[in-house]
Amino acid sequence: MPVIVNLDVMLARRKVRSKELAEAIGITESNLSLLKSGKVKGVRFSTLAAICRYLDCQPGDILAYDASDDDLRAASED
Amino acid sequence: MRVAALWALAAAPQALVPGWTLACSDAGGCRQAADVATLLPEGQRSALAGDPAAATRLAAHVARPAVHLGLATLTLLEEGLLVFLFVAVGRTLRRLGAGGDGGGDGALARALPWLRRGAFAALLWSLAQPLTDSARSILLYSGTPGGAAWYIGIDLTIAGPALLLAIAAYAIAWALEAGVRAERDLADFV
């Protein structure tokens, strides 16, 4: 699933540590680590909003997408 | 599980000795009896009551290996399903009561498959009841004065409510399992 999570890039730009962001938005460090590596099934809008508010960015700064025809089939299988 | 074992213990003599019963009372203690006429429908039973020779012929008919095996198989099928139901309910309660990973949700997820199996066994038992009663009567009719005959007896007094309850239990277990799966999926969302 080629949704790319660029959270580590934004953390580096804002010079914010993972631990600090996790505490600020109320998720565990391990969940944040999973999110950074793109190993989560999904992200709640509330979590995304909290990240964007803390890092002063837009969702598009954190998430990117590589087009793939496989994603059309994946949506119908879910 | 102990209840299941006791039930199996009680079912075994019934399979080995058709018409076996154990009656206990304060006055007379426990008395066992083996009367195959109790396995017949009410009408046939009363016809045999006043005819000792017919009762003897019926007992001889039941003693035949093929008939004996057929009656034992039917009893084991019915009682086997009930024993499995007891086992399934016991395992469901044990898993619900046990702690372990995931606390309450984990216990529920582990218990639900057994609840579903128990409900399915109850469903099969309800459907089997009229069939085994009919098959038992057909087997025995050859030993009665009336001779061999077809008998299809569908008494929904017990099987009907049991079937409805079993379907309800199965539907509940199915819905709960779907809910637990959905909750697990959501748990992967951060």
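- Chain A is annotated in an unreviewed UniProt entry as Helix-turn-helix transcriptional regulator from Sphingomonas baiyangensis.

## Some points on the packing of aromatic side chains
Residues and elements named next belong to chain B.
At step 1: Per the stated rule, a full pass over the model turns up two aromatic pairs over all chains.
At step 2: Ring centres 6.2 Å apart and planes at 40 degrees place the aromatic pair F84 and W114 in the tilted group. Of the two residues, F84 is situated in helix 4 (residues 65-97) and W114 in helix 5 (residues 103-141); the sequence distance between them amounts to 30 residues.
At step 3: Its relative accessible area of 32% is what places F84 among the partly exposed residues.
At step 4: Just above the ring of W114 sits the side chain of R117; from NZ or CZ to the centre is 4.6 Å.

## Notes on the pattern of salt bridges
Residue and element names in this part refer to chain B.
At step 1: With the rule as written, the count across this model stands at three salt bridges over all chains.
At step 2: For E78, the salt bridge is made with R136, and the minimal N-O distance between the two is 3.2 Å. Residue E78 is found in helix 4, and its partner R136 is found in helix 5; the two are separated by 58 residues along the sequence.
At step 3: For E78, a relative accessible area of 8% translates into the label buried.

## Some words on the interface of chain A and chain B
For an interface, size is often stated in terms of accessible area lost upon the parts coming together.
At step 1: Listed as interface residues are eight residues of chain A and, on the opposing side, five residues of chain B.
At step 2: Together chain A and chain B conceal approximately 640 Å² of surface at their shared face, both sides included; 59% is due to carbon and sulfur atoms.
At step 3: The three residues of chain A that bury the most area against chain B are K41, G42 and R44 of chain A, which together make up 67% of that side's buried surface.
At step 4: Our count for the contact surface shared by chain A and chain B stands at four residue pairs in polar contact (both at pLDDT 80 or more).
At step 5: Its residues assigned to classes, the side of chain A that touches chain B shows three nonpolar, three polar and two charged.

## Focus on the nonpolar core
Residues and elements named next belong to chain A.
At step 1: Formed by 18 residues in total, the largest nonpolar core has its most connected members in L7, L21, L32, L35, I51, L55 and I62.
At step 2: Looking at this core, the elements that each hand over two or more residues are helix 1 (7-14), helix 2 (18-25), helix 3 (29-36) and helix 4 (45-55).
At step 3: The contacts of L55, once residues within four sequence positions are left out, are L7, M10, L11, R14, V16 and L21.

## So, empty space enclosed by the protein
Residues and elements named next belong to chain A.
At step 1: Overall, the coordinates contain one cavity of 30 Å³ or more when judged by the stated rule.
At step 2: Approximately 30 Å³ is the volume attributed to the largest cavity.
At step 3: V5, L35, V43, L48, I51, I62 and L63 are the residues that line the largest cavity.

## What about the layout of surface pockets?
Sizing a probe to match a water molecule and rolling it over the atoms shows the empty space that remains.
All names here are of chain B.
At step 1: By volume, the largest pocket is sized at about 590 Å³.
At step 2: T38, L39, E78, D133 and R136 are the residues nearest the centre of the largest pocket, which is lined by 26 residues in total.
At step 3: Counting only elements with at least two residues in the lining of the largest pocket, the list comes to strand 1 (20-25), helix 4, helix 5 and helix 6 (156-187).
At step 4: No other element matches helix 5, which puts five residues into the lining of the largest pocket.
At step 5: Here the lining of the largest pocket is built from residues that sort into 12 nonpolar, eight polar and six charged.

## Considerations on the state of the cysteines
Disulfides are covalent bonds that link the sulfur atoms of two cysteine residues.
Residues and elements named next belong to chain A.
At step 1: With the rule as written, the count across this model stands at zero disulfides over all chains.
At step 2: Left without a disulfide partner, C52 is nearest to the cysteine sulfur of C57, which lies 4.3 Å away.
At step 3: Taking relative accessible area as the criterion, C57 reaches 8% and is therefore assigned buried.

## Here's the deal with the environment of L21 of chain A
Residue and element names in this part refer to chain A.
At step 1: Its location among the elements puts L21 in helix 2.
At step 2: On the accessibility criterion, L21 (0% relative accessible area) is buried.
At step 3: Taking C-alpha positions, L21 is 8.4 Å from L55, a pair spaced 34 residues apart along the chain.
At step 4: With residues up to four places along the chain from it excluded, the contact list for L21 reads L7, L11, V16, L32, Y54 and L55.

## A closer look at the side chain of T92 of chain B
Residues and elements named next belong to chain B.
At step 1: For T92, the position within the fold is in helix 4.
At step 2: Among the polar contacts listed, one links the side chain of T92 to the backbone oxygen of A88, at a separation of 2.8 Å.
At step 3: Leave out the neighbours within four places in its chain, and T92 touches A111, W114 and L115.

## Digging into a positive patch on the surface
Residues and elements named next belong to chain B.
At step 1: A contiguous patch of positive charge, built from R2, R91, R94 and R117, is present on the exposed surface.
At step 2: Positionally, R91 belongs in helix 4.
At step 3: Residue classification places R91 among the partly exposed residues on the basis of a relative accessible area of 31%.

Conventions and cut-offs
Residues numbered from 1 in each chain as written. Chains lettered and ligands numbered in written order. Predicted model: local features only at pLDDT ≥ 70, side-chain atom pairs only at ≥ 80, totals over all residues. Heavy atoms only, no water. Phe/Tyr/Trp six-rings, centres within 6.5 Å; stacked < 30°, edge-to-face > 60°. Helix = DSSP H or I, 4+ residues; strand = E, 2+ residues; numbered from the N terminus. Buried < 20%, exposed > 50% of the residue type's maximum accessible area, 1.4 Å probe, protein only. Lys NZ or Arg CZ within 6 Å of the ring centre and 35° of its normal. Salt bridge = Lys/Arg side-chain N within 4 Å of Asp/Glu carboxyl O. Contact = heavy atoms within 4.5 Å. Buried area = accessible area lost by both parts, 1.4 Å probe. Polar contact = N/O pair within 3.5 Å; in protein donor to acceptor, adjacent residues only side chain to side chain. Nonpolar A, V, L, I, M, F, W, Y, C, P; charged D, E, K, R; others polar. Core = buried A, V, L, I, M, F, W, Y, C linked by side-chain atoms within 4.5 Å. 1 Å grid on protein atoms, 1.4 Å probe; cavity = no way out; pocket = protein on both sides within 12 Å on 5 of 7 lines; lining within 4 Å. Points joined across faces, edges and corners; volume = space filled by probe spheres on them. Disulfide = S-S within 2.5 Å. Patch = residues over 30% accessible without salt bridge, like charges linked within 9 Å, V, L, I, M, F, W, Y side chains within 5 Å. Areas by Shrake-Rupley, 256 points an atom, 1.4 Å probe, with all protein chains shown as cover. Lys, Arg positive; Asp, Glu negative; His and termini not counted. Charge placed at Lys NZ, Arg CZ, Asp CG, Glu CD.

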